[in-house]
Amino acid sequence: MKIFLFLLAVVAVILAWRFYPVNSWDKTFPKSDNVTVKKVKFKNRYGIELVGDLYIPKNKVTEKLPAIAVSGPFGAVKEQSSGLYAQTMAERGFITLAFDPSYTGESGGHPRLVASPDINTEDKCWRICIALSAAVDFLSVQDDVDADKIGVIGICGFGGFALNAAAMDTRIKATVTSTMYDMSRVNANGYFDTMDKEGRYKLKQKLNAQRTEDFRNGTYAAEAGLPDKLTGKEPQFVKDYYDYYKTPRGYHKRSKNSNTGWNMTSSLSFINMPILAYSDEIKSAVLMIHGENAHSRYFSEDAYKKLVGNNKELMIIPNANHTDLYDKTDIIPFDKITQFFRDNLK
């Protein structure tokens, strides 16, 4: 009998951990009084356990609501920009999920700080395509979610993964990308496509030599992250990143971008895997949002040109830079995003 009661208690603890209220607020944005937040855990199809925050409107008036999976920026955690987007959209009547991709934040996966185009996309269909599709898996089976009304929001690098997920996962009925990066393009070609094939070959030589060294040492070398202090000579976009990730505005202790760099050899898988190869086959609605002054604007403009159909839209925000769309609620067009999902998740 004692053994039975002990096992029963263990099961109760496990179930409580998989779906429990968030009591201590550790986000970079203020908590809303109109939303309930619950910590959740689920696995992607690689068996990696992901941790997310599920945002539910307190004034829910119908049994089932449309849902949105939110992820990004690339190298951020759910307590940063994606959580802000998720909470804001929950205030507007959607059930939303912000999560940490595999190998980052509170999610599982070893070694830490690895980025992968396939696993990240999988997480998204929960957030990156395996990440994003795993998010859609989770949302699809929730009792208060209408499984036929699921969309995704991808921020920064997860914008590209969101398009990849939408091209693969027909359960996604609407996609928003905000300040999008094409991570495969920037890794293969460098910023502004300045790397030629000879430069790319030299990069692959360097990274593969690092793989050998990592294996020999039994550790994984990390890239340099953002500097702890600016010299004033950095490109403006580095200053913009610093202003978000390294200051109280957006710093978080679990954020890779706030603290360190990715596993150095992560770039290899992106070089040979163009994530937008089939974006012209996306039949569902897409809204792409980018800042007029963002260094990354060309990613959205070029990706938009490839999309097909009259349900695709590119929205340029006047005077906004790349990171303005991370957290500046007076600049992020939440009214437009809300109407887009209301029109396409019905």
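The rules behind each value
- Residues numbered from 1 in each chain as written.
- Predicted model: local features only at pLDDT ≥ 70, side-chain atom pairs only at ≥ 80, totals over all residues.
- Heavy atoms only, no water.
- Helix = DSSP H or I, 4+ residues; strand = E, 2+ residues; numbered from the N terminus.
- Buried < 20%, exposed > 50% of the residue type's maximum accessible area, 1.4 Å probe, protein only.
- Areas by Shrake-Rupley, 256 points an atom, 1.4 Å probe, with all protein chains shown as cover.
- pLDDT = per-residue confidence, 0-100.
- Contact = heavy atoms within 4.5 Å.
- Core = buried A, V, L, I, M, F, W, Y, C linked by side-chain atoms within 4.5 Å.
- Salt bridge = Lys/Arg side-chain N within 4 Å of Asp/Glu carboxyl O.
- Axes fitted to C-alpha atoms, helices over the stretch in contact; angles between N-to-C directions.
- Left-handed = near helix turned anticlockwise from the far one by under 90°.
- Nonpolar A, V, L, I, M, F, W, Y, C, P; charged D, E, K, R; others polar.
- Pairing = 2+ DSSP bridges.
- Phe/Tyr/Trp six-rings, centres within 6.5 Å; stacked < 30°, edge-to-face > 60°.
- Polar contact = N/O pair within 3.5 Å; in protein donor to acceptor, adjacent residues only side chain to side chain.
- Expected span 1.5 Å × (residues − 1).

(A) Expanded view of the overall build of the protein chain. Check the secondary structure of the protein chain and you find 13 helices and nine strands. Looking at the protein chain as a whole, 55% of its 346 residues are labelled buried. Carbon together with sulfur atoms contributes 54% to the accessible area of the protein chain, which is approximately 15700 Å² in total.

(B) Up close: the confidence of the model for the protein chain. For the protein chain, per-residue confidence averages 88 on the pLDDT scale, and 88% of positions sit at 70 or higher. The low-confidence segment residues 4-18 (pLDDT under 50) makes six contacts with residues lying over four places distant or belonging to another chain. A low-confidence stretch, residues 120-128 stays under pLDDT 50, and its non-local contacts, those more than four residues away or across chains, total 107 contacts.

(C) Structural view of the nonpolar core. The biggest cluster of nonpolar side chains holds 83 residues, and the ones touching the most others in it are Tyr-85, Ile-153, Ile-337 and Phe-341. At seven residues, the largest contribution of residues to this core is made by helix H4 (residues 130-140). Core analysis: the second largest hydrophobic core is formed by five residues, Leu-207, Met-264, Leu-268 and Ile-271 among them.

(D) Inspection of the pattern of salt bridges at higher detail. Applying the stated criterion to the full structure yields 25 salt bridges. In this structure, Lys-41 and Glu-49 form a salt bridge, with 3.0 Å as the shortest nitrogen-oxygen distance. With its nearest N and O atoms 2.7 Å apart, the salt bridge here joins Asp-169 to Arg-171. On the basis of relative accessible area, Asp-169 is assigned to the buried category, the value being 7%. Classification of Arg-171 as partly exposed rests on a relative accessible area of 28%.

(E) Just the packing of helix H2 (residues 81-91) against helix H13 (residues 334-344), in detail. Remark: H2 packs on H13, axes separated minimally by 11 Å, with the N-to-C direction vectors making an angle of 65 degrees. Judged by the sense of rotation from one axis to the other, the crossing of H2 with H13 is right-handed. Note on element contacts: H13 touches H2 through Phe-334, Ile-337, Thr-338 and Phe-341, opposite Tyr-85, Thr-88 and Met-89. A breakdown of the residues in the contact of H2 with H13 according to their chemical character gives five nonpolar, two polar and no charged.

(F) Representation of the pairing of strand S6 (residues 145-155). Burial analysis of S6 places eight of its 11 residues in the buried class, the great majority of the element. Summarising the sheet, strand S4 (residues 65-71) and S6 pair through six bridges and their orientation is parallel. In the strand pairing of S6, Ala-69 is matched with Val-152. Note that S6 and strand S7 (residues 172-178) share six bridges and pair parallel. Bridging from a neighbouring strand, Ile-150 pairs with Ile-172 of S7.

(G) How the structure looks around the packing of aromatic side chains. The final tally for this structure, using the stated rule, is 23 aromatic pairs. Relative to Phe-99, the ring of Phe-42 lies with its centre 6.5 Å away and its plane at 70 degrees, an arrangement referred to as edge-to-face. Separated by 57 residues along the polypeptide, Phe-42 in strand S2 (residues 35-43) and Phe-99 in strand S5 (residues 95-99) bring together distant segments of the chain. On the basis of relative accessible area, Phe-42 is assigned to the buried category, the value being 6%. Look at Phe-74 and Phe-161: their rings are 6.2 Å apart centre to centre, the planes differ by 40 degrees, and that puts the pair in the tilted class. Relative accessible area serves as the criterion here: at 12%, Phe-74 is assigned to the buried category.

(H) Local environment of the side chain of Asp-327. Here Asp-327 lies in helix H12 (residues 324-327). Of the polar contacts made by the side chain of Asp-327, one reaches the side chain of Arg-249; its length is 2.7 Å. Filtering out sequence-adjacent residues up to four positions away, Asp-327 remains in contact with Leu-84, Tyr-244, Arg-249 and Ile-332.

(I) Spotlight on helix H5 (residues 157-168). With 12 residues, H5 should cover 16 Å at 1.5 Å per step; its first-to-last C-alpha distance of 17 Å lies within 8% of that length. Most of H5 sits out of view: 10 of its 12 residues are buried.

(J) Focus on the environment of Leu-307. Locating Leu-307 in the fold gives a position in the loop between helix H11 (297-306) and strand S9 (312-317). Along the sequence, Leu-307 and Tyr-278 sit 29 residues apart, while their C-alpha atoms lie 9.3 Å from each other. Residue contacts for Leu-307: discarding those within four places in its chain leaves Ser-279, Ile-282, Val-286, Met-288 and Lys-312.

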